[in-house]
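Secondary and tertiary structure notes
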Amino acid sequence: MNAVNFKNAIITSIVFVILASFMMGVQLVPDGTGLAITFADPVRIEALAIALAVLFVFQLFRSPITSSWQTFRNALPLPEQGLTEALQAQGEKHPRLKQLTIAFVLAGLIIWPFYASRGSVDLATLALIYVMLGLGLNIVVGLAGLLDLGYVGFYAVGAYSYALLNQYLGLDFWSCLLISGLIAAFFGFILGFPVLRLRGDYLAIVTLGFGEIIRILLLNWTSITGGPNGISQIPKPTLFGLEFSRRAKEEGNIPFHEFFGIDYSSGYKVIFLYLLALVLVIVTLWVINRLLRMPIGRAWEALREDDIACQSLGMNKTAIKLSAFTIGAAFAGFAGTFFAARQGFISPESFTFIESAIILAIVVLGGMGSQMGVVLAAIIMTVLPELAREFNEYRMLMFGLLMVFMMIWRPAGLIPMKRPHIALKDNDEQSSSASRKPAQAA
Amino acid sequence: MSKAHPLHANQPRPLEGVLDMSSQNKKQNLLEVDDLTMRFGGLIAVNKVKLNVEKGQIVSIIGPNGAGKTTVFNCLTGFYKPSDGRIRYRGENITGSKNHEISLKGIVRTFQHVRLFKSMTVLENLLVAQHRHLNTNLLSGLFKTPAYRRSEREALDCAAYWLDKVNLTEMANRDAGNLAYGQQRRLEIARCMVTRPDMLMLDEPAAGLNPQETKELDELICDLRDHHDVSVMLIEHDMKLVMEISDHIYVINQGTPLADGTPEQIKNNPDVIKAYLGEA
Ligand SMILES: Nc1ncnc2c1ncn2[C@@H]1O[C@H](COP(=O)(O)OP(=O)(O)O)[C@@H](O)[C@H]1O
Ligand SMILES: [Mg+2]
């Protein structure tokens, strides 16, 4: 404990008192036509005092605490660190093993919904939507290094594109999936143009603004979007024209259960939506995996690493940034379309800033640029709050805590990104076969 | 691997003049700079600098720290927009062109402080640099069309060739940020070379290298000029290196041109001696 620690402790406490007294110490209570300020009840004041004491002591003894935490960590055999690395190394050495594992996991994911409860399948579908959003934002934030706080705007564009195209033009889910993706990409493109001159914090603030503009536009353009009432009765996706409702909504359509001659069950619809989301996620994973190993993916990362060096090598900074923005937005568009179809009802309320924050948290938590990390984080971020329903009020607080612990524990994310290992042509024997099977290199 | 790489041998070069160098040597001005001036507010960092680089030459810029050498490079490569003056590259006016446009024309540079893509592997650094030579079509990349595979293969071959050249083959799949300093310097030069430039600008490439590494660098630079068709512009403080390899030397002092000539002339120029001794 030294003077610096003491100063830190004092400053932290003062900041805490100021923030806490405004946020938690006083309350506005309606009083006739006006508002009155009342003080919080003694229990809360007591709790705040305890928090203050803890904070003060922690700051004061910060270095001994963190150093003992370090020794504690070093003493632990921490399997996680070694485990993912070991698994990845195994996958590298035995491509067959990797393929086999993927096949097993896939089979498990496909069979699982038929045995799981309806609620958990529904939750898994939601998690898959977030996986898709996380993967899309990962392109922009994790790979290209552009902090985008308005990603939810493109999600909204996708959802509303489907809802409106269906309502006004009667287009079905499958054609809208493509169109909405393109519309969202287009929005990403035109919004990207003016903002991509900015860097870092400025970019973050402007994208935040764009996200809000889109939401407010949807909220106020009542004649088209229905404003706060949203749009309801958005049709569910069909399987080659087969509907999953009890009776066909559209003339000439046959419900799924009649076609196969089985009894109607609302469970089929839930399972179908889950499987559809799974397919979308797999396609997303595949596309992004390819992109990563393509010139464009490498350019994104290079731009994140050093944009000055990029330019000096003849790469067009704006074009590369714009491509990341556009492609990232397209995935949000796909996710949005699926979301609208699954919910059957959308309103601007589903696309608030908090959604952007959650998606960003998924990317950071999982590990910037890491695909598997994002998948894992998306599952954690959607399933955990469901499991801990009673703490719903403290959800944001828990996210915050989680983030703080992540920064201490695994600053690079749950599963940090791993660089692809590219085999050089190392001898002539391989080079002659290279033309026949060059895929090995990728 | 001593033979020139096929990719480089086949490359069409508008100004092919290696064979009849003797007759054209004097006339082929690759880069002509006139009255280049760069002001930062009140500070005149570069004042009416005149430069001339002929094809196949190694031209050095020397001068004390803060003389404005790096600023000249920044102006030539489009990082700064010159306040005044003209830059002509192969007779074409490139004054004020954008950074990446200039490098697409074949002028690439290294930096005084190494700028690698640190968390990418050595090999990836070299692949990124070949961006414009690659098949960047999204669909052909997604579905790995034969044309796409061929272009990736070529990029890998080219990277392998240069890795071998700068002795980094072993490090191909290491993160660039983990290399030793001398290796990072070499990688930066290799990264320039895979873009297949006509003009290479090196900003203090020997800074921080040990004598052995400096000697290798000397050989590498000469090899680049002799066998890879690049002209080199060099900023360097290592006088031994500069005097050994330069065809022509420009001396800048406080932004103003002080002298220029062959290494012999510069060595014996009283102004230069004074400027350097005055500094030390
Ligand atoms: N971007 C800039 N803004 C203001 N002054 C600059 C800038 N870049 C360089 N300078 C100034 O120009 C002068 C020359 O710098 P520099 O070209 O880096 O010198 P050298 O490379 O010869 O050591 C220095 O006085 C430096 O402070
Ligand atoms: Mg300098």
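Keep in mind that this is a model prediction, so the values were computed, not measured.

Residue and element names in this part refer to chain B. As summarised here, the arrangement of the six strands in space is 6-7-8-3-9-10, forming an open sheet in which the pairing is mixed. The sheet is open, and its two edges are formed by strand 6 (107-109) and strand 10 (256-261), each paired on a single side. Pairs of neighbouring strands in the sheet enclose a mean axial angle of 20°, with direction left out of account. Both strand 3 (residues 58-62) and strand 9 (residues 248-253) contribute to a ladder of four bridges, which runs parallel.

All names here are of chain B. Taken in spatial order, the four strands line up as 2-1-4-5 in an open sheet, and their pairing is antiparallel. With one partner strand each, in any of the chains shown, strand 2 (43-54) and strand 5 (92-93) form the two edges of the open sheet. In this sheet, strand 4 (residues 84-89) lies alongside strand 1 (residues 29-40) in antiparallel orientation, the contact comprising five bridges. Looking at the pairing, Asp 34 lines up with Arg 86 of strand 4. Packed on one face of the sheet, helix 3 (residues 69-76) meets strand 1, strand 2 and strand 4 and runs near 115° to strand 1.

Another aspect to go through is the interface of chain A and chain B. Size of an interface, as often reported, equals the accessible area lost when the parts are brought together. At the interface, 37 residues of chain A touch 44 residues of chain B. Between chain A and chain B the total buried area reaches about 3,500 Å² when both faces are included, carbon and sulfur atoms providing 66% of it. When residues of chain A are sorted by the area they lose upon contact with chain B, A:Arg298, A:Leu313 and A:Leu424 head the list and together hold 20% of the total. Inspection of the chain A/chain B interface yields two salt bridges. Across the pair A:Arg298 and B:Glu152 runs a salt bridge whose closest N-O atoms are separated by 3.2 Å. Joining chain A to chain B, the criterion identifies eight residue pairs in polar contact (both at pLDDT 80 or more). No other element matches the eight residues that helix 13 (residues 295-305) of chain A contributes to the side of chain A that touches chain B. Grouping the amino acids of the side of chain A that touches chain B by side-chain chemistry returns 23 nonpolar, five polar and nine charged.

What follows is about the site of ligand 1. Residue and element names in this part refer to chain B. The environment of ligand 1 is formed by Phe 40, Leu 43, Ala 45, Asn 65, Gly 66, Ala 67, Gly 68, Lys 69, Thr 70, Thr 71 and Tyr 80. At 3.2 Å, a backbone N or O of Ala 67 approaches an oxygen atom of ligand 1. Here Gly 68 contributes a backbone N or O atom positioned 3.0 Å from an oxygen atom of ligand 1. Here ligand 1 loses 63% of its free accessible area of 560 Å² to cover by the protein chains. Sorting the residues of the shell around ligand 1 by element identifies strand 2 and helix 3 as the ones contributing at least two each.

This part takes up a nonpolar patch on the surface. All names here are of chain A. A grouping of Phe 6, Ile 10, Ile 11, Ile 14, Val 15, Ile 18, Leu 19, Phe 22, Met 23 and Met 24 is seen on the molecular surface, where their side chains present a nonpolar patch of about 980 Å² in accessible area. Relative to the helices and strands, Ile 18 resides in helix 1 (residues 3-25). For Ile 18, a relative accessible area of 45% gives the class partly exposed.

Okay, the confidence of the model for chain B next. When pLDDT drops low, the exact placement of atoms in the prediction is not to be read closely. All names here are of chain B. Overall, the predicted model of chain B reaches an average pLDDT of 86, with 89% of residues at or above 70. Counting interchain partners and residues more than four positions distant, the pLDDT-below-50 stretch residues 6-26 has 22 contacts. Of the two predicted TM-score estimates for the complex, the pTM is 0.79 and the ipTM is 0.85.

Below, the discussion takes up the pattern of salt bridges. Summed over the entire model, instances satisfying the criterion amount to 20 salt bridges over all chains. In this structure, the salt-bridge partner of B:Lys165 is B:Asp223, at a minimum N-O distance of 2.9 Å. Here B:Lys165 is found in helix 7 (residues 146-165), whereas its partner B:Asp223 is found in helix 9 (residues 211-227), with 58 residues between them in sequence. Judged by its relative accessible area of 23%, B:Lys165 is partly exposed. Connected through salt bridges with shared partners, the residues A:Glu301, A:Arg304 and A:Glu305 form a single ionic network.

Analysis parameters
Residues numbered from 1 in each chain as written. Chains lettered and ligands numbered in written order. Predicted model: local features only at pLDDT ≥ 70, side-chain atom pairs only at ≥ 80, totals over all residues. Heavy atoms only, no water. Pairing = 2+ DSSP bridges. Helix = DSSP H or I, 4+ residues; strand = E, 2+ residues; numbered from the N terminus. Axes fitted to C-alpha atoms, helices over the stretch in contact; angles between N-to-C directions. Contact = heavy atoms within 4.5 Å. Buried area = accessible area lost by both parts, 1.4 Å probe. Salt bridge = Lys/Arg side-chain N within 4 Å of Asp/Glu carboxyl O. Polar contact = N/O pair within 3.5 Å; in protein donor to acceptor, adjacent residues only side chain to side chain. Nonpolar A, V, L, I, M, F, W, Y, C, P; charged D, E, K, R; others polar. Near = heavy atom within 4 Å. Areas by Shrake-Rupley, 256 points an atom, 1.4 Å probe, with all protein chains shown as cover. Patch = residues over 30% accessible without salt bridge, like charges linked within 9 Å, V, L, I, M, F, W, Y side chains within 5 Å. Buried < 20%, exposed > 50% of the residue type's maximum accessible area, 1.4 Å probe, protein only. pLDDT = per-residue confidence, 0-100.

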